[in-house]
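Given next are the chains, with one letter for each unit.
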Amino acid sequence: MLDFAVNVRAGAPPDWLTERLAARLSDLGRYPSVADELRAVRAVAARHGRDEAEVALLAGGAEGFSLIAGLRPRLAALIAPSFTEPEAALAAVGVPIRHVVLDPPYRLTEVPGDADLVVVGNPTNPTGVLHPRDDILALRRPGRLIVVDEAFADAVPGEPESLAGDALPDVLVLRSLTKTWSLAGLRVGYALGAPGLMARLVARRPHWPLGTLQLEAIAAANAADAVAQAEAGARELAALRVEMVAGLRALGLDVVDGAAPFVLFTVPDAELMRKHLESKGIAVRRCDTFVGLPGHHLRAAVRVEWPLLVDAMREVLP
C-alpha cells in the first residue's frame, strides 16, 4: 500500500548509512565495546553542545518513557492529544495519570499543580503543532520534571523550538533517529538531561542495552555531515508540507496548523474515508485512538505522492 500512516521517511536508509552498518556485521560475534558506546555518546554530545554525562543512549526514543516510568513519579500530567506510549509505560507501573486535553489550535495551557512529571511532544504527534520553547519552560515548577518528546524535531528546519541544547536540571529531552533515517527496525534514539537524572534513568538497565549496530547508527546519524543532510531533508519536507496542506484545504477540509512531517485534518466520516482509501491501496492513520481527538480526524504523513491521496479523497467528499 501507499503508506501515509507511518511517519518514517519513505524508502530505505541512505546508502552511506547502510554501508557503514554493513561494515560492522563482522563484529557481531563480540559484545559491543566501550569504544563503540563512547563514540556514540560523544557524537550526540557534540551535536547538541552537551556534556557527555548528559547523554543516555536509547533503543528508540520510546524506550525513554519506560525508563521514566521507573522513576515512579507521584502524578504524571500528559499533554493530549499526543503519542500514546507515555501513558502505556506509566500505567504499566501504576503511576497516576491525568490528561491535559488541549482544544484547537492545541496550544499549551497550565497543568495540575501537584504533577511532578509533565510529558509534552514537540512537535506533537498527531497534531503536528510546534510549541514555543518559552511555553514549555513556563510549565517548570520546583520538584517537577518536564519531559519533551522531540522525536520529530529534526524534521523541522533549524529545529527552532528545541530544548535539546539547553542544560536544564528539570528538563529531559527524548530524541529518535528512526524516522529521519528510516531505521524503525533498528530502534535508535537518545535522551538529554542533567547528569544526576541520567544516572537515575539508566540505573537499572541490563548490561549492553544497545547492540553494536545501534551504537554505530547513533554515531553515524549525529555526525556533522549527517546532521546537515537531515536539515536539507527537513527543508524539502517543509516545502512539500505546504503543498500538501494547500491540496487538502482545496478539498474544503480543516487542516491543523503545524510543522511536523505529518498533517492532521478532519473529514465528515473518517471510517468511511479510511475504507475508501484502503480500497485504493492508500493507508492513513486513524486518530480516534488518541485521547482528546474526535473520531472525524485523520493523520497523513507528508509524502511526495500526496496528490494521489487528495485525488482519492475527492472521489467520496461531498
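All residue numbers refer to positions counted from 1 along the written sequence of the respective chain. At least 70 in pLDDT is required for a residue's local features to be given in this predicted model, at least 80 for side-chain atom pairs to be given and counted, and no such filter applies to totals for whole chains, interfaces and linings, which use all residues. Side-chain numbers come from the whole structure's heavy atoms, not from hydrogens or water.

By the naming in an unreviewed UniProt entry, the chain goes by Aminotransferase and is assigned to Mycolicibacterium mageritense. UniProt positions are given in the numbering used here, feature names are shortened, and annotations may be inferred rather than shown by experiment. Among the UniProt annotations of the chain, the heading Pathway (unreviewed entry) holds the following wording: "Amino-acid biosynthesis; L-histidine biosynthesis; L-histidine from 5-phospho-alpha-D-ribose 1-diphosphate: step 7/9." UniProt's Cofactor (unreviewed entry) comment on the chain is quoted here verbatim: "pyridoxal 5'-phosphate".

Note on exposure labels: buried denotes an accessible area under 20% of the residue type's maximum, exposed denotes more than 50%, and partly exposed covers the range between, all computed with a 1.4 Å probe on protein chains only. Each helix is a run of DSSP H or I of at least 4 residues and each strand a run of E of at least 2, with the numbering of both proceeding from the N terminus. Within strand S9 (residues 262-266), five of the five residues are buried, which leaves it mostly tucked inside the rest of the structure. Each pair of strands is called paired provided DSSP finds at least two bridges between the two strands. Across five bridges, S9 lies against strand S12 (residues 297-301) in antiparallel orientation. The partner of Phe 265 across the bridge, within S12, is Leu 298.

Next up on the list: the pattern of salt bridges. Any Lys or Arg side-chain nitrogen found within 4 Å of a carboxyl oxygen on Asp or Glu counts as a salt bridge. Under the criterion given, the structure shown has 25 salt bridges. Taken together, the shared-partner salt bridges in this structure form one network comprising Arg 20, Arg 24, Asp 27, Arg 30, Asp 36, Arg 39 and Glu 216.

With that settled, consider helix H4 (residues 85-92). Within H4 the residues assigned to the buried category are Pro 86, Ala 89 and Leu 90. Buried residues of H4 fall within an arc of 95° about the axis and therefore sit on the same side. Buried residues in H4 make contact with helix H3 (63-69), strand S3 (76-80), strand S4 (97-101) and strand S5 (117-121). Directly beyond the C-terminal end of H4, a positive phi value near 80° is found at Gly 94. The arc in question is traced by the directions running from the helix axis to the C-beta atoms. Whether two residues are in contact is decided by their heavy atoms, any of which lying within 4.5 Å being enough.

Under this scheme, a helix contributes an axis fitted over its contacting stretch, all axes are lines through C-alpha atoms, and angles between N-to-C directions fall in the 0 to 180 degree range. Following both chains from N to C, one finds helix H2 (residues 34-48) and helix H7 (residues 212-221) inclined at 25°, their axes separated by 8 Å at the closest point. Here H7 runs roughly parallel to H2, going by the angle between their axes. The way H2 lies across H7 gives a crossing that is left-handed. Across from Asp 36, Glu 37, Arg 39, Ala 40, Ala 43, Val 44 and Arg 47 in H2, the residues of H7 making contact are Thr 212, Leu 215, Glu 216, Ile 218, Ala 219 and Ala 221. Note on residue classes: Ala, Val, Leu, Ile, Met, Phe, Trp, Tyr, Cys and Pro are nonpolar, Asp, Glu, Lys and Arg are charged, and everything else, Gly too, is polar. Tallied by class, the residues present in the contact of H2 with H7 amount to seven nonpolar, one polar and five charged. Should an angle fall under 35 degrees it is taken as roughly parallel, and over 145 as roughly antiparallel, whereas 65 to 115 is taken as roughly perpendicular and any remaining angle as oblique. Handedness of each helix crossing follows the sense of rotation of the near helix against the far helix: counterclockwise by less than a right angle gives left-handed, clockwise gives right-handed.

It is worth spelling out the sheet that holds strand S8 (residues 189-192) at this point. Pairing is mixed in the open sheet, where seven strands are placed in the order S2-S8-S7-S6-S5-S3-S4. The sheet terminates laterally at strand S2 (55-58) and S4, the two strands that pair on one side only. Ignoring strand direction, the axes of neighbouring strands in this sheet form an average angle of 20°. Relative to S5, S3 is paired through three bridges, and the arrangement is parallel.

A separate point is the UniProt feature "domain: Aminotransferase class I/classII large" (unreviewed entry) in the chain. In the numbering used here, UniProt assigns the "domain: Aminotransferase class I/classII large" (unreviewed entry) feature to residues 108-292. Each end of residues 108-292 is marked by a C-alpha atom, and these two atoms are 14 Å apart; helix forms 31% of the span and strand 16%.

What follows concerns H2. Expected span, for any helix, means 1.5 Å times one less than how many residues it has. With 15 residues, H2 extends 21 Å from end C-alpha to end C-alpha; this agrees with the ideal 21 Å at 1.5 Å per step. Of all the residues in H2, the buried ones are Asp 36, Ala 40, Val 41, Ala 43, Val 44, Ala 45 and His 48. Considering only its buried residues, H2 is in contact with S2, strand S7 (171-176), S8 and H7. At the C-terminal side of H2, Gly 49 shows a positive phi close to 65°.

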